[in-house]
Amino acid sequence: MFIALESLFGGAIEIIELDYEFDFSKEEYNGVFPFTTPVKLLGKITNRAGVVEIDAVASFDFTAPCDRCAAVTTKRFEVPVKHGLVSSLNDDGNDDYIVVENMSLELDRLTLEDIYLFLPSKFLCSPDCKGLCSKCGTNLNEKSCDCKKDIDPRLEILLSFND
Ligand SMILES: [Zn+2]
Ligand SMILES: [Zn+2]
């Protein structure tokens, strides 16, 4: 979805309100399609004394298997979409700015890129997920198993003091 920014860069208008919903249901991420409901983008693009900025927040539900126990989990995220925008890179090539080709910003792509950068490297059902037993596959969040734990030899010495 492209949004035209000529009148904003030209100074004819100072603000464009953003209130969109994007359908990312066909976007694959680590083998699953986590955006089961629309991604909402709310915010604005402004031109203040020649400085053009997008300042918005993408909010969405993200549904994927937990990286430790594989339980399908839905979590709500709010991701900032905040960048300086330039119509051409005529300065020192500062990476903090996004160059808007032909004064037309591909808003859904930018939102998706920011979401992917923001997502945690490990997606967990809960921060203290115990995961699956590496030997028998039991979900250790639901019950324990009788498999012998591989105990760190240094820890074993400490434990033997209790005998
Ligand atoms: Zn888990
Ligand atoms: Zn086990």
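Everything below is about the structure shown above.
What counts, and at which threshold
Residues numbered from 1 in each chain as written. Chains lettered and ligands numbered in written order. Predicted model: local features only at pLDDT ≥ 70, side-chain atom pairs only at ≥ 80, totals over all residues. Heavy atoms only, no water. Donors = N, O, S within 2.8 Å, 3.2 Å for Na, K, Ca; no water. Tetrahedral: all angles 85-135°; square planar, octahedral: opposite > 155°, others 65-115°. Buried < 20%, exposed > 50% of the residue type's maximum accessible area, 1.4 Å probe, protein only. Pairing = 2+ DSSP bridges. Helix = DSSP H or I, 4+ residues; strand = E, 2+ residues; numbered from the N terminus. Axes fitted to C-alpha atoms, helices over the stretch in contact; angles between N-to-C directions.

Within the protein, Cys66 (SG), Cys69 (SG), Cys125 (SG) and Cys129 (SG) serve as the donor atoms for the zinc ion (ligand 1), at 2.3 to 2.4 Å. Considering all four donor atoms around the zinc ion (ligand 1), angles at the metal cover 106 to 113° and the coordination shape is tetrahedral. Mapped onto the sequence, the donors of the zinc ion (ligand 1) take the spacing C-x2-C-x55-C-x3-C. On the basis of relative accessible area, Cys125 is assigned to the partly exposed category, the value being 26%.

The mixed open sheet is built from five strands, whose spatial order is E2-E3-E4-E5-E6. The open sheet has two free edges, formed respectively by strand E2 (15–22) and strand E6 (97–99), since each of these has just one partner strand. Strand-to-strand twist of the sheet, defined as the mean angle between neighbouring strand axes without regard to direction, takes the value 30°. Note that strand E3 (residues 39–48) and strand E4 (residues 51–65) share nine bridges and pair antiparallel. Residue Asn47 lies in a different strand from E4, and its bridge partner there is Val52.

A loop of two residues connects E3 with E4, the two strands running antiparallel in sequence, and Ala49 in this loop sits at a positive phi of about 50°. Inspection of the sheet shows E4 paired to strand E5 (residues 72–86) by 14 bridges, in the antiparallel sense. Across the sheet, Pro65 pairs through a bridge with Val72, a residue of E5. Counted between consecutive antiparallel strands, the loop separating E4 from E5 contains six residues, among which Ala70 sits at a positive phi close to 70°.

With that out of the way, let us pick up the coordination of the zinc ion (ligand 2). The coordination sphere of the zinc ion (ligand 2), as far as protein atoms go, consists of Cys133 (SG), Cys136 (SG), Cys145 (SG) and Cys147 (SG), spread over 2.3 Å. Every donor counted, the four donor atoms about the zinc ion (ligand 2) form angles of 106 to 112° at the centre, which fits tetrahedral coordination. According to the relative accessible area criterion, Cys147 is partly exposed, its value standing at 23%.

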